[in-house]
Amino acid sequence: MTRGPTLPAHHPPQLPRPLDAFNAACATEARALLLRCLHSPRWSHRIAAHRPYPDLDALLAAADEAAYDLSPADISEALSHESLPRLPEDTYSAAHMALDAAHAAYEARFGHVFVIYLGDTAPSETADRVLEAIRSRSANDPDEERAIAADELRRLARGRLGTYLRGAGSCTTSPNAPTSGR
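Reading the values: the criteria
Residues numbered from 1 in each chain as written. Predicted model: local features only at pLDDT ≥ 70, side-chain atom pairs only at ≥ 80, totals over all residues. Heavy atoms only, no water. Helix = DSSP H or I, 4+ residues; strand = E, 2+ residues; numbered from the N terminus. Buried < 20%, exposed > 50% of the residue type's maximum accessible area, 1.4 Å probe, protein only. Contact = heavy atoms within 4.5 Å. Areas by Shrake-Rupley, 256 points an atom, 1.4 Å probe, with all protein chains shown as cover. Expected span 1.5 Å × (residues − 1). Arc of directions from axis to C-beta.

Trainee: What is the right way to look at the overall build of the chain in this model?
Mentor: A tally of helices and strands in the chain yields eight helices and zero strands. Ordering the α and β elements of the chain from the N terminus gives α-α-α-α-α-α-α-α. Here the chain, with 182 residues, has 40% of them falling under the buried criterion. For the chain, contacts bridging at least 24 residues in sequence account for 69% of all contacts bridging at least 6. Per element, the accessible surface of the chain, about 10,400 Å² overall, is 55% carbon and sulfur.

Below, the structure is given as structure tokens:
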């Protein structure tokens, strides 16, 4: 019995990776995505202008470098668009009250919202970590705290951008999702 030619193996179509889509997006779309990760027009313009990136590590390195170069005004603008870290829904009301009081004292002292990267924190430890950090950092002098807040913004932006470009959705999926203001 004779058989016909063998059919070629079926290969599913290659879907574009999120990084490919980011690299190919128009500048306006790329900057809009970046602004959801860190609200700094200067940062978003710089990263969007240097596309395409060969891989996620190169993009994250560029995002870090651009964040280190932010001016005090850029940092102030980015801080003004951050929201307080979200706590798990089952957090006790006493913890919410303690955090609200700590946030109010922090904002009165430093003039901006408290920011902290929580990407490596288990949800059950979020309230304790935020409360410990806000109490500890409230003792800083304003210049030292501004530098720490800038580094936390960099870490937040890196985490949000990495989350998005690994295909997990938009930059707003992190525990520290930014808002368009407070």
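Once you've had a look at it, read on.
Trainee: Sorry if this is basic, but what is going on with helix 7 (residues 126–137) here?
Mentor: Turn by turn, an α-helix covers 3.6 residues, leaving residues three or four places apart pointing in a common direction. A rise of 1.5 Å per residue sets the reference length of helix 7, with its twelve residues, at 16 Å; its end C-alpha atoms lie 16 Å apart and thus fit the reference within 8%. For helix 7, the set of buried residues is Thr126, Ala127, Val130, Leu131, Ala133, Ile134 and Arg137. The buried residues of helix 7 occupy one face: seen down the axis, they fall within an arc of 165°. Facing away from the buried side of helix 7 by more than 90 degrees, the exposed set consists of Asp128, Glu132 and Arg135.

Trainee: Any chance you could explain the environment of Pro142 here in plain terms?
Mentor: Within the secondary structure, Pro142 is located in helix 8 (residues 142–168). Judged by its relative accessible area of 47%, Pro142 is partly exposed. When near neighbours in sequence (up to four residues on either side) are disregarded, Pro142 contacts Arg109 and Phe110.

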